[in-house]
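Chain by chain, the residues run as shown.
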Amino acid sequence: MIDADYVRDIEPGEVLIIDRENAARGAHENFESVQMRQRYGVNQCIFEYVYFARPDSKVFGEMVDKVRREVGRQLARESPVPDVAEGEKEPIVIPVPDSANTATLGYANENNKRGHPCHFELGLIRNHYVGRTFISPGQDQREMKVRCKFNTVEGLLRGRPVVVVDDSIVRGTTAGYLVDMLRDSGATSVHFRVTSPPVTGPCYYGMDFPDPDELLANQFDSVEEMRDYLGVDSLAYLSDEGLREAVDTANHEQLGYCTACFTGDYPVPVDTSDAQQKEAFEWR
Ligand code: SF4
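Because the structure is a prediction, the values reported are computed rather than measured. (Residues numbered from 1 in each chain as written. Predicted model: local features only at pLDDT ≥ 70, side-chain atom pairs only at ≥ 80, totals over all residues. Heavy atoms only, no water.)

A. Broad picture of the overall build of the chain. Broken down by element type, the chain carries 11 helices and 13 strands. Excluding contacts between residues fewer than 6 apart, the proportion of contacts in the chain whose partners are at least 24 apart in sequence is 71%. (Helix = DSSP H or I, 4+ residues; strand = E, 2+ residues; numbered from the N terminus. Contact = heavy atoms within 4.5 Å.)

Written as structure tokens, this is what we have:
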């Protein structure tokens, strides 16, 4: 947006000093770089590629669009669209907009390539204009928020099996309401595909996650139980290994990644005791 050239990412622990003097000299190699001593290896946030970063960004040296499509393709290899019965229409594949759009393109393309015919459609429309101000007291605020945020395109959904793709399921509230909306719009069956593994742990490194007890995956013992709770005909998540493989396929730099919110493997140790949390809060 500011018409700048991409040179490189700032490295973890790096301070790049751009002052009047070296900026005036122009070339970026003149900028002074100071590297802080690091106690731990570099572990980039893999969730940037799944959800946080915009597809038109370049992150960790690779375009997010490219990585996210590969993540969608990997999900198709692991969990393709369901087979349809004789005489039933081909499934449509729809993203939860906007964050799942790119991965869903990869998912739909790979399904067709592998002999699982389906159509990519925009069956859910995100409303960019309605905000919280329309929520009146006494209404279920979360449900109302979802209904304000998304609407269905009934003409696309009616009479067809629908495979809805999202980047993650956190509490499951949005997913549950979307499933109801898709069924109300006439989908003959609803299948949920997720381009990340189940979220089971909080992020202690700066991303705002709900309490572990509120995470859907922590409330059930199996994907089948979650499927039942969400009321979908099938539910599938991308595997930990599949996510890592897709990211490494698209970004050849073979970086270290943090996957802690899926795997519980925190690359920098965290003290989760109440006392430590309180101290951290007071310090801020
Ligand atoms: S726990 Fe790790 S992967 Fe998950 S959001 Fe935080 S930094 Fe990213």
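That shown, we press on.
B. Local environment of the pattern of salt bridges. Summed over the entire model, instances satisfying the criterion amount to 14 salt bridges. For glutamate 110, the salt bridge identified is with arginine 77, shortest N-O distance 3.5 Å. Placement of the pair is glutamate 110 in helix α4 (residues 101–113) and arginine 77 in helix α3 (residues 64–78), with a sequence separation of 33 residues. Residue class for arginine 77 comes out partly exposed when judged on its relative accessible area of 31%. (Salt bridge = Lys/Arg side-chain N within 4 Å of Asp/Glu carboxyl O. Buried < 20%, exposed > 50% of the residue type's maximum accessible area, 1.4 Å probe, protein only.)

C. Quick look at the site of the ligand. Close to the ligand lie Cys45, Phe47, Phe52, Cys203, Tyr205, Met207, Cys258, Ala260 and Cys261. Among the secondary structure elements, those contributing two or more residues to the shell around the ligand are α2 (47–52) and α10 (260–263). Tallied by class, the residues present in the shell around the ligand amount to nine nonpolar, no polar and no charged. (Near = heavy atom within 4 Å. Nonpolar A, V, L, I, M, F, W, Y, C, P; charged D, E, K, R; others polar.)

D. Representation of the sheet that holds strand β12 (residues 234–237). One open sheet holds the five strands; their spatial order is β7-β6-β10-β11-β12, and the pairing between them is parallel. Here the strands that pair on one side only, and so sit at the sheet edges, are β7 (119–120) and β12. One ladder, built from four bridges, connects strand β11 (residues 189–194) with β12; its direction is parallel. Pairing of arginine 193 across the sheet is with alanine 236, part of β12. Running over the sheet, helix α7 (residues 173–184) touches β6 (92–95), β10 (161–166) and β11 and is turned about 150 degrees from β11. (Pairing = 2+ DSSP bridges. Axes fitted to C-alpha atoms, helices over the stretch in contact; angles between N-to-C directions.)

E. Just the packing of aromatic side chains, in detail. Applying the stated criterion across every chain yields a total of 11 aromatic pairs. Ring geometry for phenylalanine 47 versus phenylalanine 262: centroids 5.4 Å apart, planes at 20 degrees, classification stacked. Residue phenylalanine 47 is located in helix α2, and its partner phenylalanine 262 is located in helix α10; the two are separated by 215 residues in the primary sequence. Pair check on accessibility: phenylalanine 47 and phenylalanine 262 agree, each one buried. Three or more aromatic residues joined by ring pairs form one cluster here, namely Phe47, Tyr51, Phe52, Phe209 and Phe262. (Phe/Tyr/Trp six-rings, centres within 6.5 Å; stacked < 30°, edge-to-face > 60°.)

F. Representation of the environment of glycine 186. With respect to the helices and strands, the residue glycine 186 is situated in the loop between α7 and β11. Judged by its relative accessible area of 16%, glycine 186 is buried. Residues glycine 186 and arginine 160 lie 26 residues apart in sequence; the distance between their C-alpha atoms is 7.6 Å. In contact with glycine 186, not counting residues within four places along its chain, are Leu157, Arg158, Gly159 and Arg160.

G. Summary view of a negative patch on the surface. On the surface, Glu78, Asp240, Glu241 and Glu245 cluster together to form a negatively charged patch. Looking at the negative patch element by element, the count peaks at three residues for helix α9 (residues 240–250). Mapping glutamate 78 onto the fold places it in helix α3. (Patch = residues over 30% accessible without salt bridge, like charges linked within 9 Å, V, L, I, M, F, W, Y side chains within 5 Å. Areas by Shrake-Rupley, 256 points an atom, 1.4 Å probe, with all protein chains shown as cover. Lys, Arg positive; Asp, Glu negative; His and termini not counted. Charge placed at Lys NZ, Arg CZ, Asp CG, Glu CD.)

H. Just the environment of alanine 236, in detail. Of note, alanine 236 is situated in strand β12. Once the C-alpha coordinates of alanine 236 and glutamate 78 are considered, the two residues, 158 residues apart in sequence, prove to be 8.8 Å apart. Residues within four places of alanine 236 in sequence aside, it is in contact with Ser79, Phe192, Arg193 and Val194.

I. View of a nonpolar patch on the surface. On the surface, Tyr40, Tyr204, Tyr205, Val268 and Val270 cluster together to form a nonpolar patch covering roughly 380 Å² of accessible area. Tracing the chain through its elements places tyrosine 204 in the loop between β11 and α8 (223–230).

J. Inspection of the nonpolar core at higher detail. Residues Tyr49, Val93, Tyr107, Leu243 and Val247 are the most contacted members of the largest nonpolar core, which totals 31 residues. Secondary-structure elements contributing two or more residues to this core are α2, α3, α4, β10, α9 and α10. Ranked by residues supplied to this core, first place goes to α3 with five residues. Apart from residues no more than four positions distant in its own chain, valine 93 is found in contact with Val81, Thr104, Tyr107, Ala108, Cys118, His119, Phe120, Glu121, Val163 and Val165. (Core = buried A, V, L, I, M, F, W, Y, C linked by side-chain atoms within 4.5 Å.)

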